[in-house]
Amino acid sequence: MSATVKNPFQHIVEHLDPDEPNEQFYNLTKLADPRYDRLPFSIRVLLESAVRNCDEFLVKSSDVESILNWKETQTQTVEVPFRPARVILQDFTGVPAVVDFAAMRDAVMKLGGDPEKINPVCPADLVIDHSIQVDFNRKSDSVQKNQDLEFDRNRERFQFLKWGSKAFRNMRIIPPGSGIVHQVNLEYLARVVFKYEGFFYPDSLVGTDSHTTMIDGLGVLGWGVGGIEAEAVMLGQPISMVLPEVVGYKLSGTPDTFITSTDIVLTVTKHLRQVGVVGKFVEFFGPGVAQLSIADRATIANMCPEYGATAAFFPVDDVSIQYLEQTGRDAEKLAYITKYLKAVSMFRDYNNVSQDPDFTQVVELDLSAVVPCCSGPKRPQDRIPVSDMKTDFESCLAAKTGFKGFQVSPDRHNSSVPFQFNEKEFTLSHGSVVIAAITSCTNTSNPSVMLGAGLLAKKAVECGLSVKPYIKTSLSPGSGVVTYYLKESGVMDYLSKLGFEVVGYGCMTCIGNSGPLPEPVVEAITQGDLVAAGILSGNRNFEGRVHPNTRANYLASPPLVIAYAIAGTVRIDFDKEPIAVNSEGKEIFLRDIWPTREEIQAVERTFVIPSMFKEVYEKIEKVNERWNSLVAPSDKLYTWDSNSTYIKSPPFFDGLTRQLHPPKSIQDAFVLLNLGDSVTTDHISPAGNIARNSSAARYLTSRGLTPRDYNSYGSRRGNDAVMARGTFANIRLFNKFLNKQAPQTIHLPSGDTLDVFDAAERYQQSGVPLLVLAGKEYGSGSSRDWAAKGPFLLGIKAVIAESYERIHRSNLVGMGVIPLEYLTGDTADSLGLTGRERYTIIIPEPLTPRMIVDVKLDTGKTFQVRMRFDTDVELAYFHNGGILNYMIRKMSEN
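Remember, predicted model here, so these are calculated numbers, not experimental data.

What counts, and where the lines are drawn
Numbering of residues starts from 1 in every chain and runs along the sequence as written. Note on the predicted model: pLDDT of at least 70 is required for a residue's local features to be given, and 80 or more for side-chain atom pairs to be given and counted; whole-chain, interface and lining totals, by contrast, use all residues. With hydrogens and water excluded, all non-hydrogen atoms of the structure serve as input to the side-chain values. Only DSSP runs of H or I with at least four residues qualify as helices, and only runs of E with at least two residues qualify as strands; both kinds are numbered from the N terminus onward. Radius of gyration: over C-alpha atoms. The globule rule applied is 2.2 Å multiplied by the number of residues raised to the 0.38 power. Here the term buried applies to any residue with accessible area under 20% of the maximum for its type, exposed to any over 50%, and partly exposed to those in between, with areas from a 1.4 Å probe on protein chains only. When checking whether two residues touch, look at their non-hydrogen atoms; a contact exists if any pair is within 4.5 Å. All accessible areas in this document rest on Shrake-Rupley with a 1.4 Å probe, and a residue is counted as covered only by the protein chains that are shown. When charges are counted, Lys and Arg are positive and Asp and Glu negative, with His and the chain ends excluded. For this purpose, a charge sits on NZ of Lys, CZ of Arg, CG of Asp or CD of Glu. Any pair of cysteine sulfurs within 2.5 Å is marked as a disulfide. Pairing between strands is defined by DSSP: at least two bridges between them are needed. Stacked, edge-to-face and tilted labels apply to pairs of Phe, Tyr and Trp rings (six-membered ring for Trp) whose centres lie within 6.5 Å, assigned for plane angles under 30 degrees, over 60, and everything in between, in that order. Every angle, taken between N-to-C directions, lies between 0 and 180 degrees, and every axis is a line fitted to C-alpha atoms, over only the stretch in contact when it is a helix. Crossing handedness is read from the near helix: turned anticlockwise from the far helix by less than a right angle, it gives a left-handed crossing, and turned clockwise, a right-handed one. Comment: arc refers to directions from the helix axis out to C-beta atoms. By definition, a salt bridge exists where a carboxyl oxygen of Asp or Glu is found within 4 Å of a side-chain nitrogen of Lys or Arg. Just so you know how the angles are binned, under 35 degrees is roughly parallel, over 145 roughly antiparallel, 65 to 115 roughly perpendicular, and the rest oblique. We call Asp, Glu, Lys and Arg charged. Ala, Val, Leu, Ile, Met, Phe, Trp, Tyr, Cys and Pro are nonpolar, and the rest, Gly among them, are polar. In these notes, a set of buried Ala, Val, Leu, Ile, Met, Phe, Trp, Tyr and Cys residues joined through side-chain atoms within 4.5 Å is what counts as a nonpolar core. Grid points spaced at 1 Å over the protein atoms alone were grouped into cavities, where a 1.4 Å probe fits but cannot get out, and pockets, open sets with protein on both sides within 12 Å along at least five of seven lines, with lining residues defined by an atom within 4 Å of a point. Grid points are joined across faces, edges and corners, and a volume is the space filled by probe spheres set on the points.

*Asks:* Is there a simple way to think about the overall build of the protein in this case?
*Replies:* For the protein, the helix and strand inventory stands at 31 helices and 36 strands. The C-alpha atoms of the protein give a radius of gyration of 26 Å, which matches the 29 Å a tight globule of 894 residues would have. Oriented by its inertia axes, the alpha-carbon framework of the protein measures out at about 80 × 75 × 55 Å. Expressed as a percentage of its 894 residues, the buried residues of the protein come to 65%. Here the contacts in the protein between residues at least 6 apart in sequence split such that 75% fall between residues at least 24 apart. Summed over all atoms, the accessible surface of the protein reaches about 30,900 Å², with 48% contributed by carbon and sulfur. Counting 92 positive and 105 negative side-chain charges, the protein places the centres of these two groups 3 Å from one another.

What follows is the structure, encoded as structure tokens:
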């Protein structure tokens, strides 16, 4: 703790309780600075961290002044340090983080340092939730079968993580089968206020998953960062961040009785995308916030990455404390949480206008104006009122290929393909639903929408409705508590009758672990070249993410997932058309079976109770018997197995020396890929299935594996040989060189069309540097280290794009790949770039943040770009070849 170091703010330390001399806190109100009471509550959290950790080295008094002066400095690109209280990881990003830690220990030892310095100095929780797939569904034993298969596939990874939990201090592993990281964080891990080494301070965190922001709904400031940045935080390095603008989002009014939190968040997502909040904090205020439960607030905060903000903060109020009580937190903690937050003016009354702070700008949403909606078919920000779904889908069929278009010729709009399934004949057409998944922490953490889905299922079954057997239905709760209250309330049986059996506890379909579709369904889709649909209660629906055979994917509330599953198509107007006709020939409309908010709340009050949370979470770390019996080594240095196809020592630190080498200009680089707008991290580094004809599949086959053992890219992130081959391996990648979707590119010197990895390998053998050209929002989507690590291993030295997603830009910096940005008004098209030129990027000395540099082409043309190293710390990382190299050199110092 910084309290043991000379701190210039020691004079504001007070006792929270006069009878407890060892329980202290930094009382920010004693700064006696009128600016404090005008700060947004989210900025107050940054200020407290700076005050408490001020040592005039990593955190300086001038940083405290900059934060206090937020109103004046917010638009001036002022850099401040932030030391989060803890770090959270999931296994897809956690395995590579532990691999990096193990490799860093080896590197520190080689440089003569103490390898045990590579160790988390703040609490780190890793929740294993991304590995389970929907291989089995619609049966009561599906969950056990999927969990058994998960363990069989991932035993080696799990064994490695168990080693990590022993080898590293301050690292806790939550075993597979426990739930989704963000829901477990909300219901169990969140402290709200830390009590550590005699000091109280606000809980805060960064996480290696972009939806870490979900915890903002509980009043805990947190956001997603790249794993490499999280590793630096775990090693004691503060995050260097630009002091953000804060958009005040005022909520007023009361939602209609038929509106769900999902409808609200999809409306907020589209609205804030239009406002433009990239790189900013959003802080919610106004009387409408008091109308929302913590689960509703967490749903809105969860989708923060989809509207582009860094954080989406709901300060703690009485509703927050009631939630902590409902989820089984003990009374002593509730007492000091409330007392501390009130003492430092961080406790909110949303109906008290005098508490409203200053904001950069204010936007407003009247909750009474929200209508039932979905988002899709390819992006979460493309909201569609449910009443327009049919016409919107049909317009997408005809529209040119793009985010809202499939370019199907008009004569094929009504095409259909008959097929046999379970000895019965069915028909698929454009818009047919083939995946219906209640999934993702976005919604499964929210009892109102989960019980709403259960009550809708009950009414549907009672009306004689069913779901066609070929539709892949699934229910993957974010924690065991959900199953508990669904069973206790009596709705689980009805969900099961419609095919929504519990299939596992994890991200599953939302992350792309949807598992295989029935072969007859795949054949029918392929034969008719059909635009089949997936409907899921998730937060991401980018092309190629949910399933290769569902080209249209829609985000919806859990009740709407069931509704579209019953209808069997998205080409339906629920207001005018019956959802189905029952066995008696009666038309049933959605309005006939839709539960009201009052019905849902009555069930929630009765069945969502503290004892459930206590019972589930008291045994969470010991409930998985296979995890308990898993034997792992206990050595401090990991013994790498050269035969492993899951865990491999990465080459990032090969040849690393203590000495720094000045960066060199990039000479005569070829463009590996020429890409357009909104290239996501799913395009760059897929997480889903490994295609049998891919470079990664060929590598795994050469190691003796059969296709059934390939597993997913996400599960193999501990092996750089697989992940390098999986870089840009998404079948929906649109490369302008080819003018079509394919995981391929043209090797420009020869003109050969090759898989991206194979082309990069040829360039590397010739010693030629590589670039990527891209449009707007490059790297949007999931926080994914391998979307930066993979390009680094392919030999990509820089990316030139119109704009970047925040976390991905940070990841590129962390790997020493230069993020370059066209100057305002410039694009590849306006500059006449074809991508077939050779590029020389001049890197001058000394470098300064956001510096403009020259790019020279072999055609004689020159243009300028902005080098997106935004802070001096990021430049230090670049000079070291990346953040991990920087940390290794630092840890190797005597």
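So, next bit.
*Asks:* Got a minute to help me understand the state of the cysteines in this structure?
*Replies:* Taken as a whole, this structure holds zero disulfides when the rule is applied. This cysteine, C304, is not joined by any disulfide, and C441 carries the nearest cysteine sulfur, 13 Å off. The class for C304 is buried, based on a relative accessible area of 0%. Among the cysteines around C507, which has no disulfide bond, C441 carries the closest sulfur, lying 6.1 Å off. On the accessibility criterion, C507 (10% relative accessible area) is buried.

*Asks:* Mind showing me how you'd approach the pairing of strand β31 (residues 770-773) here?
*Replies:* On any regular strand, side chains alternate: one points to one face of the sheet, the next to the other face. The alternating pattern of β31 places L770 and V772 on one face and L771 and L773 on the opposite face, and all of these are buried. Bridging between strand β26 (residues 666-674) and β31 involves four bridges; their strand directions are parallel. Residue pairing for β31: L673 is matched across the bridge by V772. By the bridge criterion, four bridges tie β31 to strand β32 (residues 796-801) in an arrangement that is parallel. Note that in β32 the partner of L773 across the bridge is I800.

*Asks:* Help me out: how do you make sense of the packing of aromatic side chains in this one?
*Replies:* Both the distance between ring centres and the angle between the ring planes are used here to describe each pair of aromatic rings. Applying the stated criterion across every chain yields a total of 31 aromatic pairs. Ring centres 6.5 Å apart and planes at 45° place the aromatic pair F393 and F406 in the tilted group. A residue pair is termed long-range when its members are at least 10 positions apart, and F393 in helix α13 (residues 389-398) and F406 in the loop between α13 and β18 (416-421) qualify at 13 residues. Accessibility expressed as a relative area gives 0% for F393, which makes it buried. By relative accessible area, F406 is classed as buried at 5%. Here the aromatic rings of F652 and F653 are separated by 6.3 Å at their centres, their planes lie at 75°, and the arrangement is edge-to-face.

*Asks:* Even after reading the chapter, I still don't get the pairing of β18, so can you show me in this structure?
*Replies:* Covered by surrounding structure in β18 are V417, F419 and F421 only, the residues S416, P418 and Q420 on the alternate face being uncovered. Note: β18 against strand β19 (residues 424-429), six bridges, orientation antiparallel. Its bridge partner lying in β19, P418 is registered against T427. Hairpin connection from β18 to β19: two residues lie between these consecutive antiparallel strands, with N422 at a positive phi of about 50°.

*Asks:* Whenever I open this one, the packing of helix α8 (residues 261-275) against helix α9 (residues 294-302) confuses me. Can you help?
*Replies:* When two helices pack together, their arrangement is given by the angle between the helix axes and by the axis-to-axis distance. Relative to each other, α8 and α9 sit at 35°, their axes nearing to 9 Å. Crossing of α8 over α9 shows right-handed handedness. Here S261, I264, V265 and V268 of α8 come into contact with α9, specifically with D296, T299 and I300.

*Asks:* Help me understand helix α22 (residues 610-618) in this model?
*Replies:* Three- or four-residue spacings in an α-helix give side chains the same orientation, since the helix completes a turn every 3.6 residues. Along α22, the residues that are buried comprise M612, F613, V616 and Y617. When α22 is viewed along its axis, its buried side chains cluster within an angular range of 110° and face the same direction. Against α6 (181-189), α11 (318-326), α16 (480-488) and α21 (597-607) lie the buried residues of α22.

*Asks:* Please clarify how the sheet that holds strand β6 (residues 171-174) should be interpreted in this entry.
*Replies:* The strands making up a sheet associate through backbone hydrogen bonding, with each pair oriented either parallel or antiparallel. With respect to topology, five strands assemble into an open sheet ordered β6-β5-β4-β9-β10, the strand pairing being parallel. The open sheet is flanked by β6 and β10 (221-224), the only strands paired with a single partner. With strand direction ignored, the average angle separating the axes of adjacent strands in the sheet is 20°.

*Asks:* What is the right way to look at the side chain of D63 in this model?
*Replies:* Looking at the element boundaries, D63 is found in helix α2 (residues 61-68). Among buried Asp, Glu, Lys and Arg side chains, D63 stands out as unpaired, with K60 the closest opposite charge at 6.7 Å. Among residues more than four places away in sequence, those in contact with D63 are L58, E79, V80 and P81.

*Asks:* Explain the side chain of T269 here, please?
*Replies:* Looking at where T269 falls in the secondary structure, it is placed in helix α8. For T269, a relative accessible area of 0% corresponds to the buried category. In this structure, T269 is in contact with M303, E306, Y307, P380 and Q381, ignoring residues within four places of it in sequence.

*Asks:* How should the packing of helix α4 (residues 91-110) against helix α31 (residues 883-891) be read in this particular structure?
*Replies:* Between α4 and α31, whose axes approach to 10 Å, the crossing angle comes to 45°. Put simply, α4 runs oblique to α31. As α4 runs across α31, the sense of the crossing is right-handed. In this structure, α4 contributes D100, M104, A107 and V108 to the contact, and α31 contributes L884, M887, I888 and M891. Residues of the contact of α4 with α31, tallied by class, amount to seven nonpolar, no polar and one charged.

*Asks:* It is not clear to me how helix α27 (residues 756-765) should be interpreted in this structure. Could you clarify?
*Replies:* Within α27, the full set of buried residues consists of V756, F757, A759, A760 and Y763. Seen along its axis, α27 keeps its buried residues to an arc of 160°; they face one direction. In the segment just after α27, G767 is the residue with positive phi, at about 70°.

*Asks:* Sorry if this is basic, but what is going on with the nonpolar core here?
*Replies:* In globular proteins that are soluble, nonpolar side chains generally tend to be buried together. Of all hydrophobic cores here, the largest spans 307 residues; its most connected members are Y564, I579, F728 and Y778. With 11 residues, α4 is the single largest residue contributor to this core. Residues I690, Y710, Y713 and V722 belong to the second largest nonpolar core, which totals 11 residues.

*Asks:* Where do I start with empty space enclosed by the protein in this structure?
*Replies:* Over the atoms, a rolled probe matching the size of one water molecule traces out where space is still vacant. Inspection of the entire model under this criterion finds four cavities of 30 Å³ or more. Around the largest cavity, the lining is made up of 20 residues, and of these H130, D209, H211, I511 and R545 lie nearest the centre. Its residues placed into classes, the lining of the largest cavity shows five nonpolar, 10 polar and five charged. Estimated volume of the second largest cavity: approximately 90 Å³. What lines the second largest cavity is simply F41, V45, V192, P202, D203, G219, L221, F313, P315, V316, L341 and M346. Of the residues that constitute the lining of the second largest cavity, the class distribution is 10 nonpolar, one polar and one charged.

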